[in-house]
Amino acid sequence: MELTPLWPTVALTLQLAGVTTGVLLLLGTPLAWWLARTRNRWKAVIEALVTLPLVLPPTVLGFYLLIALGPQGPLGAPWLQLTGAPLTFTFTGLVIGSVLYSLPFVVQPLHNAFGAVDQGVLDAAATLRAGPWDRFKSIVVPLARRGFATAAVLGFAHTVGEFGVVLMIGGNIPGETQVLSIAIYDRVESLRYDEAHVLAGLLLVFSFAVLWWVYRLQRRPDVDARP
Amino acid sequence: MNTLAVQLRLQRGDFALDAEWSAPARGVTALFGPSGAGKTTLLRAIAGLERGMGMVKLARQCWQDDARGLFVPPSQRGLGVVFQDAHLFTHLSVRGNLEYGWRRVTQRPLAFEAVVESLDLGPLLTRRPAGLSGGERQRVALGRALLAQPCLLLLDEPLAALDRERRDQILPYLERLPVLADIPIVYVTHALDEVVRLADHMVLLDAGRVSAQGPLTTLLARPDLPLARRDDAGAVLEVTVAGHDEHYHLAHLHLAGQSLYVTGPAPASGARLRVQIHARDVSLALAPPTPSTILNVLRGTVSSVTPASHAGQVMVGVQVGEQHLLARITRKSADQLPVQPGLTVYAQIKSVALVG
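Residues numbered from 1 in each chain as written. Chains lettered and ligands numbered in written order. Predicted model: local features only at pLDDT ≥ 70, side-chain atom pairs only at ≥ 80, totals over all residues. Heavy atoms only, no water.

## Here we look at the overall build of chain B
Part 1 of the argument: Across its full length, chain B carries eight helices and 21 strands.
Part 2 of the argument: Taken over the C-alpha trace, chain B has a radius of gyration of 22 Å; the compact-globule value for 356 residues is 21 Å, and the two agree within 12%.
Part 3 of the argument: Principal axes of the C-alpha set define a box for chain B whose edges measure 65 × 50 × 35 Å.
Part 4 of the argument: Out of the 356 residues in chain B, the part that is buried amounts to 54%.
Part 5 of the argument: Pairs at least 24 residues apart make up 65% of the contacts formed inside chain B by residues separated by at least 6 positions.
Part 6 of the argument: A total accessible area of about 15700 Å² is found for chain B, and carbon and sulfur atoms account for 50% of it. (Helix = DSSP H or I, 4+ residues; strand = E, 2+ residues; numbered from the N terminus. Rg over C-alpha atoms; globule rule 2.2 N^0.38 Å. Buried < 20%, exposed > 50% of the residue type's maximum accessible area, 1.4 Å probe, protein only. Contact = heavy atoms within 4.5 Å. Areas by Shrake-Rupley, 256 points an atom, 1.4 Å probe, with all protein chains shown as cover.)

## A word on the pairing of strand E5 (residues 61-65) of chain B
The side chains of a regular strand alternate between both faces of the sheet.
Residue and element names in this part refer to chain B.
Part 1 of the argument: The buried fraction of E5 amounts to four of the five residues, a majority that puts the element mostly inside the structure.
Part 2 of the argument: Where strand E4 (residues 53-58) folds back onto E5 in an antiparallel hairpin, the turn is made up of two residues, including Ala 59, whose phi is positive at roughly 50 degrees.
Part 3 of the argument: Bridge analysis of E5 against strand E6 (residues 70-71) gives two bridges, and the strand direction is antiparallel. Within the sheet, the bridge partner assigned to Asp 65 lies in E6 and is Leu 70. (Pairing = 2+ DSSP bridges.)

## Structural notes on the domain arrangement of chain B
Residue and element names in this part refer to chain B.
Part 1 of the argument: Taken domain by domain, chain B consists of domain 1 (3-220) and domain 2 (234-354).
Part 2 of the argument: Put simply, the middle of domain 1 and the middle of domain 2, counted by C-alpha atoms, are 34 Å apart.
Part 3 of the argument: Of the residues lining the interface, eight residues belong to domain 1; the matching set on domain 2 comes to seven residues.
Part 4 of the argument: Together domain 1 and domain 2 conceal approximately 560 Å² of surface at their shared face, both sides included; 50% is due to carbon and sulfur atoms.
Part 5 of the argument: It is Val 196, Thr 217 and Leu 220 that lose the most area in domain 1 upon contact with domain 2, and together they represent 80% of the buried surface on that side.
Part 6 of the argument: Between domain 1 and domain 2 we count zero salt bridges in total.
Part 7 of the argument: Summed over the shared surface of domain 1 and domain 2, the result is two residue pairs in polar contact (both at pLDDT 80 or more).
Part 8 of the argument: At the level of elements, helix H6 (192-198) and helix H7 (216-220) are the ones that each hand at least two residues to the side of domain 1 that touches domain 2.
Part 9 of the argument: A per-class count over the side of domain 1 that touches domain 2 returns five nonpolar, one polar and two charged. (Domains from an automatic or database assignment. Buried area = accessible area lost by both parts, 1.4 Å probe. Salt bridge = Lys/Arg side-chain N within 4 Å of Asp/Glu carboxyl O. Polar contact = N/O pair within 3.5 Å; in protein donor to acceptor, adjacent residues only side chain to side chain. Nonpolar A, V, L, I, M, F, W, Y, C, P; charged D, E, K, R; others polar.)

## Looking at the sheet that holds strand E15 (residues 272-278) of chain B
Through backbone hydrogen bonds, the strands of a sheet pair up, either in parallel or in antiparallel fashion.
Residues and elements named next belong to chain B.
Part 1 of the argument: Across the sheet, five strands lie side by side as E14-E13-E12-E15-E21; this open sheet has antiparallel pairing. Either end of the sheet is taken by a strand with one partner, and the two such strands are strand E14 (258-263) and strand E21 (353-354).
Part 2 of the argument: Of the strand pairs in this sheet, strand E12 (residues 234-245) and E15 are connected by seven bridges, and their pairing is antiparallel. Residue pairing for E15: Leu 237 is matched across the bridge by Val 275.

## Overview of the state of the cysteines
Residue and element names in this part refer to chain B.
Part 1 of the argument: This model, assessed by the stated rule, comprises zero disulfides over all chains.
Part 2 of the argument: Of all cysteine sulfurs in the structure, the one in Cys 151 sits closest to Cys 62, which takes part in no disulfide; the separation is 13 Å.
Part 3 of the argument: A relative accessible area of 22% means that Cys 151 is categorised as partly exposed. (Disulfide = S-S within 2.5 Å.)

## A closer look at the sheet that holds strand E19 (residues 323-330) of chain B
Residue and element names in this part refer to chain B.
Part 1 of the argument: The sheet built from five strands is open, its strands ordered E16-E20-E17-E18-E19 with antiparallel pairing. Lying at the two open borders of the sheet, with one neighbouring strand each, are strand E16 (282-285) and E19. For this sheet the average axis-to-axis angle between neighbouring strands, irrespective of direction, equals 45 degrees.
Part 2 of the argument: Strand direction decides the pairing type here: strand E17 (residues 296-307) and strand E20 (residues 344-349), joined by six bridges, are antiparallel. Paired with Asn 296 across the two strands is Ile 349, which belongs to E20. (Axes fitted to C-alpha atoms, helices over the stretch in contact; angles between N-to-C directions.)

## Here we look at the side chain of Arg 77 of chain B
All names here are of chain B.
Part 1 of the argument: Along the chain, Arg 77 turns up in the loop between E6 and strand E7 (80-82).
Part 2 of the argument: In this structure, Arg 77 is buried with no salt-bridge partner, the nearest side chain bearing the opposite charge being Asp 66 at 8.1 Å.
Part 3 of the argument: A polar atom in the side chain of Arg 77 sits 2.6 Å from the backbone oxygen of Ile 46.
Part 4 of the argument: When residues no more than four places from it in sequence are discounted, the contact partners of Arg 77 are Ala 45, Ile 46, Ala 47, Gly 48, Gln 61, Trp 63, Gln 64, Phe 71, Val 72 and Cys 151. (Lys, Arg positive; Asp, Glu negative; His and termini not counted.)

Given below as structure tokens:
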């Protein structure tokens with residue numbers, strides 16, 4: 001029996017999850033900081049929007065994304081004009097979809113971690129000559145480091161486990177948009193159960209390892225010291 | 001003059017703060033008042049942590065002047081704040097905490113070692129804030145604030161979260177502050193004994209407004225202020241050390257040419273000290289008293305007679321030299337003598353406390 005090479009699929013999945021996590025940390029950090037500190041009346045609306053991907057069927061999100069990213073869509077059309085390439089059924093499109101889909105998994109832990117940073121400690125830093133950006137780097141980031149670790153790991157893992165959105169906007173192009181979860185679906189459809197077993201087993205072990213690490217991280221007492 | 005001048009208005013819900021006062025360039029100014037008077041809010045507004053409206057100036061530096069649209073953020077004001085809860089950085093060691101502000105300034109008249117030594121922080125340097133006692137935390141917070149080389153030090157009830165024993169351990173460090181750093185210090189508290197021990201100048205804050213301000217000795221001797229209505233009301237007088245009675249272990253003090261004796265070791269002769277005499281410990285006589293176990297008697301002139309907090313008592317102001325002491329006596333004895341301004345009296349003092 002000859003197995004289809006798995007590596008391109010695994011590599012593509014890891015690449016998508018890596019890029020998505022990077023983008024999510026860049027976008028999610030200011031968003032979570034704003035949510036943790038603001039008393040703005042729009043806060044609840046933004047929180048609901050951020051959390052929406054948790055409850056929406058991926059097909060709903062995928063459907064709207066397909067329309068928005070499509071060649072005539074409000075995002076897809078200008079992108080096509082600018083770059084000459086469509087957004088749907090491409091890696092870039094997958095990243096956009098994954099960012100939206102995994103957003104709550106990154107924003108929630110960061111929001112919690114930022115919320116736990118005492119305002120009094122930040123006030124003390126302000127009186128010790130630290131400006132806002134300095135305070136964020138020297139106080140907030142180290143105090144919220146577990147939040148960052150959890151956010152990154154959950155964002156990464158959730159993107160690896162994504163199926164519906166990718167199928168809707170990325171399809172199933174091996175080496176281009178075929179990620180692990182879709183490859184499994186593909187193998188099962190074509191009755192190649194042995195390959196499906198390998199891929200499904202990989203994802204199972206990976207997901208378990210990630211969650212185990214996250215829970216261990218949350219249980220461990222705060223020991224690391226810096227002079 | 002390095003004077004701190006404050007004129008701030010601020011509204012938080014039902015609470016309105018409207019305070020105008022100043023603090024001298026040297027020494028400790030106590031911002032004193034009951035809980036809820038707005039002391040902490042006022043202090044935070046001076047630091048720029050709360051946004052009040054008005055003006056805050058230290059010497060020639062202007063930190064806030066809303067008439068000109070000027071508001072300097074806290075990080076650029078160059079002041080030091082010690083909060084009621086130390087607010088140490090838990091992710092850093094004690095040394096890391098001390099160095100936080102230190103690394104962010106370039107001019108350092110206060111040496112790292114000098115501050116560490118005077119606050120006895122040496123043994124704590126490698127410790128984590130989580131493992132420190134309440135008193136140790138406040139010492140670290142104090143050192144951290146001083147090492148940021150402030151031009152004004154604001155202390156917000158730094159002892160309020162500590163028990164009596166730890167408070168007494170920290171007080172000597174606070175007493176040494178003016179020697180360590182020659183900057184104006186504003187000390188917020190609702191504990192009068194801390195004011196008496198630490199402050200030279202006093203601002204009374206009540207329901208968001210300044211009800212009186214001036215030298216500590218003047219305010220404490222005024223019978224018309226709410227201060228005089230407290231059970232522990234009493235004047236603080238400045239005295240000079242005249243000598244030491246070896247045999248009886250008494251310090252001999254001079255006050256306007258008269259003598260006072262206090263138990264305990266005497267500092268060097270000629271040193272200026274402050275003693276506190278509680279109004280409840282003073283009784284008045286018209287003639288020099290017959291010998292009794294009361295050691296201290298001061299001759300003075302009645303300057304005022306004011307109703308006390310209890311209807312059965314009056315507060316009598318007695319001028320001794322240039323200074324005043326307070327005596328709380330029953331209204332009945334006041335009427336019998338009768339005590340009235342201008343009368344020469346002999347104040348018999350049951351207890352005198354050295355307060356620094």
